[in-house]
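Commentary on secondary and tertiary structure
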Amino acid sequence: MAKRRYIVDVPGVPKSPSPISNAVVVGKTCHISGQLAVYDDGYRRGSAREEAARAFELVFAIAREAGFASDEIVYVDIAFADLDDLPEVNALYAELFAHPPARTIYEAARLPFDARVKVQAIAMKD
């Protein structure tokens, strides 16, 4: 019998200095932790679009490792350091998802590493 709940830590996804897992799968649902524009050599600041593109790249890699396709992402949460960056991230979002998942956006007082964008997601199997 397959485990109902398990932790997903993805080789190649930079490790957080915080005590978190890349994702937790519970049944047919994958909860993916918030991702920033982090690379092996650390966080890289860029435009909101560049940071969001890297965060989504990591979200998709984590989902794949957990056995979920990008089209199984049903919910995305995007935190912005400045909500004025929404239009450029919206353009990226439209390119990434043929059928956009539900989404929450908000402006945070401060993100880790003074990032511009943080993305977390939930994927689900039918």
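Residues numbered from 1 in each chain as written. Predicted model: local features only at pLDDT ≥ 70, side-chain atom pairs only at ≥ 80, totals over all residues. Heavy atoms only, no water.

1. Observations regarding the environment of His31
How we decide: Note on conventions: DSSP H or I runs of at least 4 residues are helices, E runs of at least 2 residues are strands, and numbering of each starts at the N terminus. Contact criterion: two residues are considered in contact whenever any of their non-hydrogen atoms come within 4.5 Å of each other.
Structurally, His31 is set in strand β3 (residues 29-35). Residues His31 and Lys15 lie 16 residues apart in sequence; the distance between their C-alpha atoms is 17 Å. Apart from the residues within four sequence positions on either side, His31 is in contact with Asn22, Ala23, Val24, Ala121 and Ile122.

2. A word on the pattern of salt bridges
If the charged atoms of two oppositely charged side chains come close together, the side chains can form a pair. We count it as follows: Only one rule defines a salt bridge in this text: a Lys or Arg side-chain nitrogen within 4 Å of an Asp or Glu carboxyl oxygen. Summary of the burial criterion: residues with accessible area below 20% of their type's maximum are buried, those above 50% are exposed, and those between are partly exposed, where the area comes from a 1.4 Å probe applied to protein chains only.
Here the structure, examined in full by the defined rule, presents six salt bridges. Arg54 is the partner of Glu57 in a salt bridge, and the nearest nitrogen-oxygen pair spans 2.6 Å. Of this pair, Glu57 and Arg54 both sit in helix α1 (residues 48-65), separated by three residues, roughly a single helical turn. Given a relative accessible area of 9%, Arg54 falls into the buried group. With a closest N to O distance of 3.1 Å, Arg116 and Asp85 form a salt bridge. Taken together, the residues span a long stretch of sequence, with Arg116 in the loop between β7 (102-107) and β8 (117-124) and Asp85 in the loop between β6 (73-80) and α2 (86-96) at a distance of 31 residues. By relative accessible area, Asp85 is classed as buried at 9%.

3. Some remarks on the sheet that holds strand β2 (residues 23-26)
Keep this limit in mind: Between any two strands, pairing holds if DSSP finds at least two bridges. Here an axis means a line fitted to C-alpha atoms, over the contact stretch when the element is a helix, while the angle between two N-to-C directions is reported on a 0 to 180 degree scale.
Pairing within the open sheet is mixed, and its six strands lie in the order β1-β2-β3-β8-β6-β7. Only two strands of the sheet have a single partner each, and these edge strands are β1 (5-8) and β7. Shown here is a sheet whose adjacent strand axes are inclined to one another by a mean of 10°, direction ignored. Bridging between β3 and β8 involves five bridges; their strand directions are antiparallel. Paired with Cys30 across the two strands is Ala123, which belongs to β8.

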